[in-house]
Amino acid sequence: MRLSRYPVPTLKEDPSDAVVASHRLMIRAGLARKEAAGMYVYLPLGLRVLRKIIDIVRQEMDAAGAVEFLMPELTTADLWKESGRWETMGPEMIRIKDRNGLEYALAPTHEEAFTGTVRSIISSYKDLPLNAYQINTKFRDEIRPRYGVIRSKEFIMKDAYSFDMDDEGLEKSYQAMRTAYRNIFKRCGLETIPVEADTGTMGGNQSEEFMVPSEIGEELLLLCDSCGYRANQEKAGFGRAPAPAKGPFEELKEVSTPDVKTIDDLVKFFGCGADIFLKSIIYIADGAPVMAVIAGDRDINEHKLKSFLGASELDLASDSTVEEVTKAPVGFAGPVNDFKIRTVFDIGVRDISNGITGANKKDVHYSGVNPGRDFHIKDEADIALAVEEDPCPKCGAAMKARRGIEVGHIFKLGNKYSKSMGLTVLDAQGKSVHPIMGCYGIGVNRTLAAIIEQHHDEGGIIWPVTVAPFHVWLVGLGKAEEEIRQADEIYGLIREAGIEVLYDDRKLSPGFKFGDADMVGLPVRVTVGKNYFQTGEAEVKLRSSGAVEKVRKDDIASRLFALIETETSRFRI
Ligand code: ATP
Ligand code: MG
C-alpha cells in the first residue's frame, strides 16, 4: 500500500480529551477518530489491527472446538422478558421502539439470544456439548465512557456460550476456553493475569477475568506471590487474625460526642485504634434499607454485600433515609439494642470487645459495646474489602496489589438461562434436562487498546508483529526520478514476496517520515535513502529493539522474512 493513496492521518499533538497512552496513540497514529462520546470510527490502519486480533480469536476458538454463529444485534423485548432481564438490566441496556411500537434492545450481551437459538436447534444429549460463539457488536450505555475504546458505548465482543449435560462437561468446556484465552492473549502479545472474579447476580459459581497489568486499569488485583492466589478486589478474601482473648467486659455507656462523626474524628476523640469501632453504614438493597456493620479500620466490599443479600441493586442510603431509619443524623448509626432493619455483620465484628459505636441518637456514641451481649449477630458474612498487604486467604503471606485492565471474562453460568428460558434436551434415559451453561467474552477493541498500553514508547506504538497493521514501513527518501524508481523497485520486491508493506512515497521531509514511522510503529522499517543510492544497501531497523542493519537489494526479502519470523516466535504459544 502506498501512503500517498492510503489515509494515515497522523497528528503532531495529543487530542485534548486523551488521558491514557492507548487513546492518545490510537488517534495520533491515525488508527481511529472520535465520532462522539464513547463512539469511534476505525480508519483503515485501525481496522487492519482489529481484523488481525479477530483472526487470532477465531483461530483459537475454532481450535478449541467452538462453532461460529451470528446473532442479530437488535433483540426483541420478548426474548429478554423470558429470562426476566428486561426488568433487571438497568439503564446500560439501550432500548428502542420500531414504527409499530414494538420494543427492542440493542444487545449489551447475548445469553438470551444464544439460549433461544440453541433451544430451537438441539433436542438430545447427542447434540451436546456445544460451544457457540460470535464476533459481533455490543451496545452499552456506560455511565462514564472513557479511555477511548477501553470503555465505549459500542464495541466488538467475541462472546461464546457453552452447553453441557452436566457439571463435569461444563468444567471441560470452561477449561478449554481458559486455554484458548491464554493462547489468544499470548499470540496478541499481551501479558495477562487470570484472576478469580465475583459471580455477582449472573447466577454462576465460578468466574475468572483476564487482566492486563496496567497503571490505568480500573480494577485492583490482589496477588499472592507465595501460593499463586489471584483475585480481583471485588472477590478477594483475606486471612483474618485469630480472635483475641475477650474480657473483662466493660459496662455499656453512652458518651456525649458532639459533632464527632467520622472514624477519624472518633479515633481522635477516644484516643484509641480504629479497629474497635463498629462502623455502621445504611444501604438500600432492592428498595429496602439494610445496615452493614464492620470494624472501623476496614471498608465494606459492596460486591460481597450485594451477593450475600442476593440483591440486584445496592446503593448507599441518602442522608435523609439514614435520618429516617436511625432517627439520628449521619454518623451516629450503630447496631446496639437490635436494630429494627436487617443488619449484616462482617465476620470480624464478633471478635471486637469493648467496642464503640453510634447510639442512633444525635451526638451520642456507646462505649463498652460487646457483641452477643449488646446486640445479636444473625446475618454474618465476609463483607470486607481486601487491601494490599492483607494476608492471603489461602496461605497467609502478605498480598500485593496491582491495577489491571479486564480484557476477557470466563464464567460458569449453571442452568439459570436454560431453566428460565425452557431449554431442555433428552438425556440417555429419555428424561428432559436443562443443559448447564458457561459464557465467555473478549473485548476486541479493548484488547487492541491494551496491546498499545503494553507496547509503546515516547515515539509511538511498538506493534507486536502478530497484530501489526502491516509488517514493514518502507521509507523512500529520494527526490530524483531515478531515486524514486529505485524505492519503487524495492517496494515491488517486498510486496511480491508477500510481505505486508506500507510504502511512504509521500513528498515529505525525512524527519517527518521517520516520526510517522515511529508513531505508527510497524515492526520493521526499511529506508531507501542516500546510503542505498550510493552503496546499494538499504537500512533495516527493528522498531522493538532499535537494532539497525544494512541489507542489499537481493537479500531484502529473505532478511525481512527472517526478521518477521523471529519477531513472531516471541508470541507463539
Ligand atoms: P467492565 O467491568 O469493564 O464493565 P464487564 O464485566 O461489564 O466489563 P463483560 O460483560 O464480562 O464485561 O464483557 C466481556 C468483555 O467485553 C470484557 O472483558 C471487556 O473486554 C469487554 N467490554 C465490556 N464492556 C466494554 C466497554 N464498555 N467497552 C469496551 N469493551 C468492553
Ligand atoms: Mg461493564
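Structure's up top.
Notes on the structure in this doc start here.

Calculation notes
Residues numbered from 1 in each chain as written. Chains lettered and ligands numbered in written order. Predicted model: local features only at pLDDT ≥ 70, side-chain atom pairs only at ≥ 80, totals over all residues. Heavy atoms only, no water. Near = heavy atom within 4 Å. Areas by Shrake-Rupley, 256 points an atom, 1.4 Å probe, with all protein chains shown as cover. Helix = DSSP H or I, 4+ residues; strand = E, 2+ residues; numbered from the N terminus. Nonpolar A, V, L, I, M, F, W, Y, C, P; charged D, E, K, R; others polar. Buried < 20%, exposed > 50% of the residue type's maximum accessible area, 1.4 Å probe, protein only. Pairing = 2+ DSSP bridges. Phe/Tyr/Trp six-rings, centres within 6.5 Å; stacked < 30°, edge-to-face > 60°. Lys NZ or Arg CZ within 6 Å of the ring centre and 35° of its normal. Axes fitted to C-alpha atoms, helices over the stretch in contact; angles between N-to-C directions. Patch = residues over 30% accessible without salt bridge, like charges linked within 9 Å, V, L, I, M, F, W, Y side chains within 5 Å. Salt bridge = Lys/Arg side-chain N within 4 Å of Asp/Glu carboxyl O. Lys, Arg positive; Asp, Glu negative; His and termini not counted. Charge placed at Lys NZ, Arg CZ, Asp CG, Glu CD. Polar contact = N/O pair within 3.5 Å; in protein donor to acceptor, adjacent residues only side chain to side chain. Contact = heavy atoms within 4.5 Å. Expected span 1.5 Å × (residues − 1). Arc of directions from axis to C-beta. Parallel < 35°, antiparallel > 145°, perpendicular 65-115°, else oblique. Left-handed = near helix turned anticlockwise from the far one by under 90°.

1. With respect to the site of ligand 1
As a matter of local geometry, ligand 1 sits amid 15 residues, with Arg140, Glu142, Arg151, Ser152 and Glu406 nearest to it. Expressed as a share of its isolated accessible area of 580 Å², the protein-covered part of ligand 1 is 82%. No other element matches strand β21 (residues 400-414), which puts four residues into the shell around ligand 1. When its residues are assigned to classes, the shell around ligand 1 shows five nonpolar, four polar and six charged.

2. Looking at the pairing of strand β15 (residues 288-295)
Looking along a regular strand, one sees the side chains alternate between the two faces of the sheet. With six of eight residues buried, β15 lies mostly within the body of the structure. Judged from the eight bridges that link them, strand β14 (residues 278-285) and β15 form a sheet pairing that is antiparallel. Looking at the pairing, isoleucine 281 lines up with alanine 292 of β15. The turn linking β14 back onto β15 is made up of two residues, and aspartate 286 within it adopts a positive phi angle of 45°. In the sheet, β15 pairs with strand β17 (residues 342-346) via four bridges, with the strands oriented parallel. Bridging from a neighbouring strand, valine 293 pairs with phenylalanine 345 of β17.

3. Regarding the packing of aromatic side chains
Taken as a whole, this structure holds eleven aromatic pairs when the rule is applied. Summarising the aromatic geometry, the rings of tyrosine 181 and phenylalanine 185 are spaced 6.1 Å apart at their centres and angled 90° between planes, so their arrangement reads as edge-to-face. One end of the pair is tyrosine 181 and the other is phenylalanine 185, both in helix α6 (residues 167-187) and four residues apart, which spans about a single turn. For the pair shown, tyrosine 181 and phenylalanine 185 are each scored as buried. Both rings, one in phenylalanine 185 and one in phenylalanine 210, keep their centres 5.8 Å apart while their planes meet at 40°; by these two values the pair is tilted. In this pair, phenylalanine 185 is assigned in helix α6 and phenylalanine 210 in strand β10 (residues 206-213), connecting sequence segments 25 residues apart. For phenylalanine 185, a relative accessible area of 0% gives the class buried. A residue is classified by how much of its surface remains accessible, and phenylalanine 210, at 0% relative accessible area, is buried. By way of ring pairs, the aromatic residues Phe69, Phe114 and Tyr161 are connected into one cluster. Geometry around tyrosine 174 places lysine 412 over its ring, the cationic atom sitting 5.0 Å from the centre.

4. With respect to the sheet that holds strand β6 (residues 103-106)
Read from one edge to the other, the open sheet built from three strands follows the order β4-β6-β5, with strand pairing classed as antiparallel. Each edge of the open sheet carries a strand with a single partner, namely β4 (74-76) and β5 (94-97). Adjacent strand axes in the sheet meet at a mean angle of 40°, parallel and antiparallel pairs treated alike. Inspection of the sheet shows β4 paired to β6 by three bridges, in the antiparallel sense. In the sheet register, threonine 76 faces β6, and the bridge partner there is tyrosine 104.

5. Comments concerning helix α11 (residues 444-454)
Burial analysis of α11 places ten of its eleven residues in the buried class, which makes it a mostly covered element. Those residues of α11 lying buried are Val444, Asn445, Arg446, Thr447, Leu448, Ala449, Ala450, Ile451, Ile452 and Glu453.

6. A word on a negative patch on the surface
On the surface, a cluster of negative charge is contributed by Asp286, Glu302, Glu313 and Asp315. Residue classification places aspartate 315 among the partly exposed positions, given a relative accessible area of 44%.

7. Observations regarding the side chain of asparagine 445
Relative to the helices and strands, asparagine 445 is located in helix α11. Look at asparagine 445 and you get buried, because its relative accessible area is 4%. A polar contact is formed between the side chain of asparagine 445 and the side chain of tyrosine 42, at a distance of 3.0 Å. Those residues in contact with asparagine 445 that lie beyond four places of it in its chain are Tyr42, Leu50, Val149, Phe155 and Ile156.

8. Looking at helix α15 (residues 556-569)
Working note: α-helix, 3.6 residues per turn, so residues spaced by three or four point in the same direction. Helix length check: α15, at 14 residues, gives a terminal C-alpha distance of 20 Å against a target of 20 Å (1.5 Å per residue), a fit within 8%. For α15, the set of buried residues is Ile556, Ala557, Leu560, Leu563, Ile564 and Glu567. Seen from one end, α15 has its buried residues packed into an arc of 130°, which puts them on one side. The elements touched by buried residues of α15 are β27 (472-476), α12 (481-496), β29 (524-528), β30 (537-542) and β31 (548-552).

9. Points about the packing of helix α2 (residues 44-63) against α6
Between α2 and α6, the shortest axis-to-axis distance is 9 Å and the interhelical angle comes to 150°. Classified by the angle their axes make, α2 and α6 are roughly antiparallel. The two elements α2 and α6 meet at a crossing, and its hand is right-handed. The residues of α6 that touch α2, namely those facing Ile56, Val57, Gln59, Glu60 and Met61, are Met177, Ala180, Asn183, Ile184 and Arg187. Split into classes, the residues belonging to the contact of α2 with α6 amount to six nonpolar, two polar and two charged.

10. Overview of the pattern of salt bridges
Scanning all chains against the criterion turns up 43 salt bridges. Glutamate 500 serves as the salt-bridge partner of lysine 52, at 2.6 Å between the closest nitrogen and oxygen. Here glutamate 500 lies in the loop between α12 and β28 (501-504) and lysine 52 lies in helix α2, a separation of 448 residues in the sequence. Lysine 52 gets classed as buried once you look at its relative accessible area, which sits at 14%. On the accessibility criterion, glutamate 500 (24% relative accessible area) is partly exposed. In this structure, aspartate 259 and lysine 261 form a salt bridge, with 3.9 Å as the shortest nitrogen-oxygen distance. A relative accessible area of 56% places aspartate 259 in the exposed class. Relative accessible area serves as the criterion here: at 39%, lysine 261 is assigned to the partly exposed category. Here the salt bridges share partners, and the residues they tie into one network are Glu142, Arg146, Arg151 and Glu218.

11. A look at the sheet that holds strand β20 (residues 379-381)
Strand order in the open sheet formed by five strands is β16-β14-β15-β17-β20, with mixed pairing between adjacent strands. Across the chains shown, the open sheet's two edge strands, defined by having one partner strand only, are β16 (314-316) and β20. Recorded for the sheet is a direction-independent mean angle of 35° between the axes of neighbouring strands. Direction of pairing for β17 relative to β20: parallel, over a ladder of three bridges. When the bridges of β20 are listed, valine 344 appears paired with aspartate 379.

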